[in-house]
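A look at the structure
Each chain, letter by letter, is given below.
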Amino acid sequence: METRSRNLYLIPYVLWIALFVITPILLIVYYSFIDIHGNFSLINYQKFFTPVYLKMTLSSFWYAFLITAFTLIVAYPTAFLLTKTKYKHLWLLLIIVPSWINLLLKAYAFLGIFGTFGFANAMLEVFGIGTKQILFTDFSFIFVSVYIFIPFMILPIFNALDKLNPTFVDASRDLGASGWTTFWKVIVPLTIDGVKSGCQVVFIPALSLFMLTRLIAGNRVITLGTAVEQHFLVTQDWGMGSTIAVFLVIIMAVIMFFTGNRKRGL
Amino acid sequence: MKKLIQALVALFVVSFLLIFWVDKLNSSQGYSGGNTITVYNWGGYIDPTLIDQFEEETGLTVIYETFDSNEAAMTKIQQGGTSYDVAVPSEYAIEQMVEDDLLYKIDHSKIPNLKNIDERFLDLSFDPGNQYSIPYFWGTVGIAYNPTLLGDREFNSWNDLWADDLRNQILLVDGAREVMGFGLNSLNYSLNDTNKDHLQEAKEKLEDLQPNIKGIVGDEISMLLANGEAAIGVVWSGVAADIMWENEALEYVVPEEGSNLWFDSMVIPKTAKNIDGAHQFINFMLNAEIAAQNTDWVGYSTPNKAAMELLPEETVTDERFYPSPELTAKLEVYENLGKEMLGYYNELYLQFKMHKK
C-alpha cells in the first residue's frame, strides 16, 4: 500500500522530468548531429573545435568568471551586514525588489545612464574627470551583469548566514580567536554551501548571457549565448546552435559536479 | 502545510478569476474567432491611428505584433504558434518562404488598389507577377551622419568610413547581410557575391574598421544616433528618416559604390485564419490617402504612385530617400543565397564581431 501511494506521488515528478528536462536535452543532442541540409553528420562538432568557437568559449568563461567574482565580492559583505540589521527580512526584500522588474527594461535604463550625455558621465564631469566612453565597454557589460545577478547571490548566502548558530561565533571569540580568524575559520566554512549555490546560480546563466551583449556591450563581447541566438534566429542552422548548447550543458554539469556538496567523499 | 494549501487555492482562484475576466473583456471588445486579423510587422512600421481607422471601417479587430529581423519572423511563422494573417517580410525572406511553401497566393481581384502601385515596383525578380506579395515600403542602406559633430565633413564613399580620425564614432546595425554587404561594396564587389575569396577579403577589410566602430546594435541605433551617442551610423534609409525627424542635424547618404535596395512586402502566411480580412487589410494599406499618411509617419519610401502625389513636393523629390535613376541603377536587391552561403556569411560576420580593436 505504502509503496503504491509513493509511486503515485512520483508520477508528476517523473512526467515533468521526462517532458521538460530529458526530452529537450535529447532533442538538442539529436539536432547537434544534423547539418544544414538535414543529414546526419559530425560537422558541427568539428566546427566547434575551430579557433572561432574555442575563442568564444574561452571569452564566455572569462566574462562569466569576472561577473561571478564581482557579484560575490559585493554580495557576501552585503548579506553579512543584512543579517546584523534589525529588520533584516525587510532589507532583504528591498534588495530583491529590483529583480521583479523586467530585465530588458533595466538594460534600457542603463543605456540612458551610461550614455555620453547620461547621468554617469554628468557625474564624472562634475568631479572633473571628464566624459568617458562607458557604454559598449567591458566595464559596462560586467557592471550591469553584476547588478542583475546580485539578488541571486545574496539570497543563498543570506540564508546560510542566517542559519549560522551565533553561539559558534561566541565560542570562537571566547576561546581567544580574533575577529579575522573567527571569520575565516568559523563563519566562512559554515556558509560555504551558500556561496557555492550562489556561484552556480550566477555563473551558469552568465555563461550564456546574450541580450546584454548587444544592448550594453554593443556586440563588443561575444558569448556562446550570442552564437546560439544567431544560429537559431539568423542562420537557421539549428544543428550548430544545438551543438553549442550541448557544450553549455556539459560545461554546466562539470561545474555542478565540482561545486556540489561531496560530503560522502570527505 | 495547511497554509501552503491555502495559498495554492488562493492562487488558483485568483488566476481563474483573471482568466474569466480577460475572456469577458475580449468578447466585449470583439476579440474572438473570425472578426480579428493578426498583423505581423516590423517595429514602428505603421501609423497606429491607421489601425484604429481600419478597425472602424471594417469592424475587424487588429492584433498587432512586431518582429525585428526577417529571420526571426520566418522562424516564428514556420513554427506556426500564432496564426498570422498578414506579415511584412523583406524580399529575400519572401523568396525563401515561397520556396518553403509558407505563403498563400494573393487574389488580385480583391485588391483593387493595386493600381496605385508604381509599375517599377511590381513584377520584380523575387516574386514574378506579385503572386505572393504586395509592396509596402522600399528603401536603401546607407550612412547617416551628424555633420555638426564631424566638422562638416561629407561622405560619398563607403571607404570614407575607414578614415583614421573616426575612432569610436561608428554604430552599425546588427545584420550579417547589411554589414558584409557594405564590406563587399566598399571593395566594388556585388553584395550578393558568393566567391569565398571575395568574402574573406571583405571580412578582413571590415576587421580593419573595428577601431572606428563603437558598437553593433539593434533597433536602439535610432535613439543612440539621435542623442548624439555616435556621429555615424550604417542604417536603413527609414531609420535615417526617423533619426532626422528627431534630430535635424543629421544627414543621410547612399554611397557611390552602390548599396542595397530592399523591399518590404505584405504577404499572407499559410498560418492565416482570416484570409478575407487579410486581403481587406492589404487593400486598405494601398489606398492613396492611407498610404500617404503612413509614409509621412513611417518615413520610408513608398512604392505607391497615387500616394506620392498627395505627399509634399520636398518629400518625394528628396534624392536621399527617392534616389536618382543613375544611383538606383547601382543598387542591388539581396538575392536568396541559400542556407549554406547564408551560414558562411554569418560565420564571417561572427568572426568580424569577435575581432578585437
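Residues numbered from 1 in each chain as written. Chains lettered and ligands numbered in written order. Predicted model: local features only at pLDDT ≥ 70, side-chain atom pairs only at ≥ 80, totals over all residues. Heavy atoms only, no water.

Bringing the overall build of chain A into the picture now. Looking only at helices and strands, chain A has twelve helices and zero strands in total. Shown N-terminal to C-terminal, the secondary structure of chain A runs as helices and strands in the order α-α-α-α-α-α-α-α-α-α-α-α. Its C-alpha atoms give chain A principal-axis dimensions of roughly 75 × 70 × 30 Å. Sequence separation of 24 or more characterises 69% of the internal contacts of chain A that already satisfy a separation of 6 or more. Roughly 15,300 Å² of accessible area belongs to chain A as shown, and the carbon and sulfur atoms make up 74% of that amount. Seen as two clouds, the 18 positive and the 10 negative side-chain charges of chain A have centres 4 Å apart. (Helix = DSSP H or I, 4+ residues; strand = E, 2+ residues; numbered from the N terminus. Contact = heavy atoms within 4.5 Å. Areas by Shrake-Rupley, 256 points an atom, 1.4 Å probe, with all protein chains shown as cover. Lys, Arg positive; Asp, Glu negative; His and termini not counted. Charge placed at Lys NZ, Arg CZ, Asp CG, Glu CD.)

This next bit is on the overall build of chain B. The helix and strand tally for chain B stands at 14 helices and nine strands. By the compact-globule yardstick of 21 Å for 357 residues, chain B fits well, its C-alpha radius of gyration being 23 Å. Viewed in the frame of its principal axes, chain B has a C-alpha envelope of about 65 × 65 × 40 Å. The buried share among the 357 residues of chain B stands at 56%. (Rg over C-alpha atoms; globule rule 2.2 N^0.38 Å. Buried < 20%, exposed > 50% of the residue type's maximum accessible area, 1.4 Å probe, protein only.)

Looking now at the layout of surface pockets. Residue and element names in this part refer to chain B. Counted as a void, the second largest pocket has a volume near 710 Å³. Lining the second largest pocket we find 25 residues, and of these Ala241, Met244, Trp245, Asp296 and Gly299 sit closest to its centre. Counting only elements with at least two residues in the lining of the second largest pocket, the list comes to helix H7 (221–226), helix H8 (237–246), helix H10 (288–298) and helix H12 (313–316). Residues that form the lining of the second largest pocket fall into these classes: 13 nonpolar, five polar and seven charged. A domain-level breakdown of the lining of the second largest pocket finds at least three residues from each of domain 1 (2–137 + 263–316) and domain 2 (139–261 + 323–354). (1 Å grid on protein atoms, 1.4 Å probe; cavity = no way out; pocket = protein on both sides within 12 Å on 5 of 7 lines; lining within 4 Å. Points joined across faces, edges and corners; volume = space filled by probe spheres on them. Nonpolar A, V, L, I, M, F, W, Y, C, P; charged D, E, K, R; others polar. Domains from an automatic or database assignment.)

Residue and element names in this part refer to chain B. Of note in this structure, Asn130 is not a glycine but carries a positive phi near 50°. Tracing the backbone shows Asn130 in the loop between helix H4 (91–99) and strand S4 (133–145). A relative accessible area of 6% places Asn130 in the buried class.

This part takes up the nonpolar core. A general tendency of soluble globular proteins is for nonpolar side chains to be buried together. With 174 residues, the main nonpolar core has B:Leu161, B:Phe182 and B:Ile232 as its most contacted residues. Tallying contributions element by element places helix H7 (residues 138–163) of chain A first for this core, with twelve residues. Aside from chain neighbours lying at most four places away, what touches B:Leu161 is B:Ile143, B:Phe155, B:Leu166, B:Ile170, B:Phe182, B:Leu209, B:Asn212, B:Ile232 and B:Val234. The next biggest cluster of nonpolar side chains, apart from the first, holds five residues, and it includes B:Ala292, B:Ala307, B:Leu311 and B:Val316. (Core = buried A, V, L, I, M, F, W, Y, C linked by side-chain atoms within 4.5 Å.)

Before going further, it helps to examine the packing of aromatic side chains. Under the counting rule described, the total for this entry stands at 47 aromatic pairs over all chains. Between A:Tyr30 and A:Tyr31, the ring centres sit 5.7 Å apart and the planes meet at 65°, which makes this aromatic pair edge-to-face. Judged by relative accessible area, which is 32%, A:Tyr31 ranks as partly exposed. Here a set of aromatic residues connected by ring pairs shows up, and it is made of A:Phe33, A:Phe40, A:Tyr45, A:Phe48, A:Phe49, A:Tyr53 and A:Phe247. The lysine or arginine in question, B:Arg177, covers the ring of B:Tyr345, its NZ or CZ lying 5.3 Å from the ring centre. A cation over an aromatic ring shows up here: B:Lys196 above the ring of B:Tyr344, its NZ or CZ 4.4 Å from the ring centre. (Phe/Tyr/Trp six-rings, centres within 6.5 Å; stacked < 30°, edge-to-face > 60°. Lys NZ or Arg CZ within 6 Å of the ring centre and 35° of its normal.)

Here we come to the pairing of strand S1 (residues 36–42) of chain B. Residues and elements named next belong to chain B. Along S1, seven of the seven residues are buried, which leaves the element largely enclosed by surrounding structure. Two elements, S1 and strand S2 (residues 61–67), share seven bridges in a ladder whose sense is parallel. Opposite Ile37, over in S2, you have Val62 as the bridge partner. Note that the unit made of S1, helix H2 (residues 48–58) and S2 has a crossover that is right-handed. (Pairing = 2+ DSSP bridges. Right-handed = clockwise from strand over helix to strand, strands pointing away.)

All names here are of chain B. Taken together, the side chains of Asp197, Glu201, Glu204 and Asp208 make up a negatively charged region of the molecular surface. Assignment of secondary structure puts Glu201 in helix H6 (residues 196–209). Among the residues examined, Glu201 registers a relative accessible area of 33% and is labelled partly exposed. (Patch = residues over 30% accessible without salt bridge, like charges linked within 9 Å, V, L, I, M, F, W, Y side chains within 5 Å. Salt bridge = Lys/Arg side-chain N within 4 Å of Asp/Glu carboxyl O.)

With that settled, consider the pattern of salt bridges. Note that side chains of opposite charge can pair when their charged atoms are close. Here the structure, examined in full by the defined rule, presents 13 salt bridges over all chains. Between A:Lys88 and A:Asp162 there is a salt bridge; the shortest N-O distance is 2.8 Å. With A:Lys88 in helix H4 (residues 88–96) and A:Asp162 in helix H7, the pair connects residues that are 74 residues apart, well separated along the chain. The partner of B:Asp101 in a salt bridge is B:Lys270, with the nearest N and O atoms 2.8 Å apart. Pair noted here: B:Asp101 is in the loop between H4 and S4 and B:Lys270 is in the loop between strand S9 (261–267) and helix H9 (275–286), with a separation of 169 residues, a long-range link.

The next thing to look at is the packing of H9(B) against H10(B). Residues and elements named next belong to chain B. Interaxial distance between H9 and H10 falls to 5 Å at its minimum, and their mutual angle equals 75°. The angle between H9 and H10 falls in the class roughly perpendicular. Residues Phe284, Met285 and Leu286 of H9 pack against Ala288, Ile290, Ala291 and Asn294 of H10. Split by residue class, the contact of H9 with H10 holds six nonpolar, one polar and no charged. (Axes fitted to C-alpha atoms, helices over the stretch in contact; angles between N-to-C directions. Parallel < 35°, antiparallel > 145°, perpendicular 65-115°, else oblique.)

According to UniProt, the "transmembrane region" (unreviewed entry) feature falls on residues 12–33, 61–83, 90–119, 139–158, 201–218 and 238–258 of chain A. With 100% helix and 0% strand, residues 61–83 of chain A has its two end C-alpha atoms placed 32 Å apart. (UniProt positions renumbered as here; feature names shortened; annotations may be inferred.)

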